[in-house]
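Each chain, written out:
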Amino acid sequence: MLLPSIDVGHKFFSRAEMVVVGFHSHWLNGIDYIGQNGSKDYSGYKLPLAIAIVLSGQYEDDLDNCEDIVYTGQGGNNLLGNRRQVKDQVMERGNLALKNCIVQDTPVRVVRGHKSADSYVGKVYTYDGLYKVVKYWAEKGVSGFTVFKFQLKRVDGQPVLTTNQVLNARGQIPKSIAEIRGLVCEDISGGQENIPIPATNLVDDPPVAPSGKFVILFTANISSTFLLSIENCFTYCKSLQVAGSVKIPRNATGCDCKDRCTNPKICACARLNGSDFPYVHRDGGRLVAPMGVVFECGPNCGCGPDCVNRTSQKGMRYRLEVFRTPKKGWGVRSWDHIPSGAPICEYIGKLMKTDDVDTAYENDYIFDIDCLQTMKGLDGRERRLRDVSIPTCLDKSDDHRSDNGPEFCIDAGSTGNIARFINHSCQPNLFVQCVLSSHHDIKLARVVLFAADNIPPLKELNYDYGYALDSVMGPDGKVRQLLCYCGAADCRKRLF
């Protein structure tokens, strides 16, 4: 199935190039197959047999979720017009070839086409590896004619996908809820967020929504967490819920600026940030660089809600989607381009004492507030304080941390926001930033996720959970291990 010098990630700048090297033998057909006679046997294989397919938005019924594809068979569409179906498809040629791949357990090569100004044909094609055809069926398509659908899943053990574009609906980002394929929930926030958060599932059959009983390979904890089968629905909440045992400090004094903070020399909050503002006035406010802790303006400050030094408090600004992944449970991606340094969301749940966490069951939504550890550079973490001025009360940080870990944590098991669905990656595009706004107690800092890079639309969002290997213990006291499926080039192979 593989050809010399054609590795996963190889780019072709036209269909003609694929024809010349024999990678895909037809310049127009999406399915390449061997054998024209369906009854002929050759070397133990029943022909025709598919060897490659191209996904390039030609069919209106195609669905592509990266490692899981629903591919529309060939025939019946108007190639010279709007490419809509104009008649029923027939089980012959390429359609029969894909069906035979199921019976004979034969993988096919998958090539994706993307719009590109660098190609003289306006598209570039990437080879994305081998996929198994796992099932097929016939149904009425979008235009009312019968089409054959083939579900393909990517073969394990291949290099990570290099394509940055996940085709959602005809290769484009959805413009509305009505265009979303695989929609299982229109807004998981129930209208609490200023932008709806849809959920999609193109993996499960039948599809399930992110509620009820489901297994999720997501952990919202930097230091200790577990895989958990959730037995009940969670309650979406956009603000922290505080346990009765937690006493929130009094509001900080704040600055005397009016309307907006503009002069770092006179702004009391800016002085705490090293006599400078941590954010720049671009795209609604962007963090200049990661810091040990960011001091934002709070309730007692003279400035208003539009102040740049309140950037992480302004709510969601990007269109996010929760989607089902083949191996990692639920994940999160954005429909919008996200610039480096932009805030994504705060990690929301129930703020509680770590000692009060119920250890009778495994909870994979506990996020330890370990800003002190981050600031001091423990466990190999880089010290990021730079010129930031830390209030005197924080200098006695050793008094606030026991040998068992941080004193406080956030539990998003039963209540939380979209942050609970963001997956781990060994090569992340987000980072965790501790933020203080209403008070200056580092033990109770807000935990906010920021973009570490410029993130293109439909790229999965992720951050490094920061585990040390063999650091997670099960209820039986034994070390637990969990494989990592992030797919990064430098993947550590294990989450913990």
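Residues numbered from 1 in each chain as written. Predicted model: local features only at pLDDT ≥ 70, side-chain atom pairs only at ≥ 80, totals over all residues. Heavy atoms only, no water.

**Topic: the UniProt feature "domain: Post-SET" (unreviewed entry) in the protein**
Definition in use: UniProt positions are given in the numbering used here, feature names are shortened, and annotations may be inferred rather than shown by experiment. Each helix is a run of H or I in the DSSP string that is no shorter than four residues. Each strand is a run of E no shorter than two, and both are numbered from the N terminus.
Residues annotated in UniProt with the feature "domain: Post-SET" (unreviewed entry) correspond here to residues 480-496. Across residues 480-496 one finds 0% helix and 0% strand; the C-alpha atoms that close the span lie 7 Å apart.

**As for the sheet that holds strand E20 (residues 320-324)**
Rules: DSSP-based pairing: two strands are paired if at least 2 bridges between them are found.
The sheet built from six strands is open, its strands ordered E11-E12-E20-E21-E30-E27 with mixed pairing. The open sheet is flanked by strand E11 (183-185) and strand E27 (423-424), the only strands paired with a single partner. Two elements, E27 and strand E30 (residues 460-463), share two bridges in a ladder whose sense is parallel. Residue pairing across strands places His424 opposite Tyr463, the latter belonging to E30.

**Details of the pattern of salt bridges**
Two side chains bearing opposite charge may form a pair once their charged atoms approach each other closely. Selection criterion: Salt bridge, as used here, is a side-chain nitrogen of Lys or Arg placed within 4 Å of a carboxyl oxygen of Asp or Glu. Per-residue accessibility, obtained with a 1.4 Å probe over protein chains only, is compared with the maximum for each type, and a residue is labelled buried under 20%, exposed over 50%, and partly exposed between these values.
Scanning the model with the defined rule gives 15 salt bridges in all. Where Arg324 meets Asp204, a salt bridge forms, and the shortest distance between an N and an O atom there is 3.0 Å. Here Arg324 is found in strand E20, whereas its partner Asp204 is found in the loop between strand E12 (199-200) and strand E13 (214-216), with 120 residues between them in sequence. Given a relative accessible area of 11%, Arg324 falls into the buried group. Looking at Asp204, the relative accessible area reads 25%, which means it is partly exposed. Of the charged contacts in the structure, one is a salt bridge between Glu460 and Lys328, with a shortest N-O distance of 2.9 Å. Of this pair, Glu460 sits in strand E30 while Lys328 sits in the loop between E20 and strand E21 (330-334); the two residues are 132 residues apart in sequence, bridging distant segments of the chain. Assessed through its relative accessible area of 13%, Lys328 is described here as buried. Residues joined in a network through salt bridges with shared partners are Glu296, Glu346 and Arg446.

**Focus on unusual backbone geometry**
Put simply, Leu47 and Pro48 share a cis peptide bond, and its omega is 5 degrees. Here Pro48 shows up in the loop between strand E4 (45-46) and strand E5 (49-55). A positive phi angle, close to 50 degrees, is found at Asp105, a residue other than glycine. Checked against the element boundaries, Asp105 lands in the loop between helix H2 (93-103) and strand E8 (108-115). The phi dihedral of Lys493 is positive, around 75 degrees, even though this residue is not glycine.

**Structural notes on the pairing of strand E28 (residues 430-436)**
With seven of seven residues buried, E28 lies mostly within the body of the structure. Side chains Leu430, Val432, Cys434 and Leu436 project from E28 onto one buried face, and the interleaved Phe431, Gln433 and Val435 project onto a second face that is buried too. Relative to E28, strand E19 (residues 294-295) is paired through two bridges, and the arrangement is parallel. Across the sheet, the residue bridging to Phe295 is Leu436, located in E28. When E28 meets strand E29 (residues 446-451), the two strands line up antiparallel, connected through six bridges. Following the sheet pairing, Phe431 is matched in E29 by Phe450.

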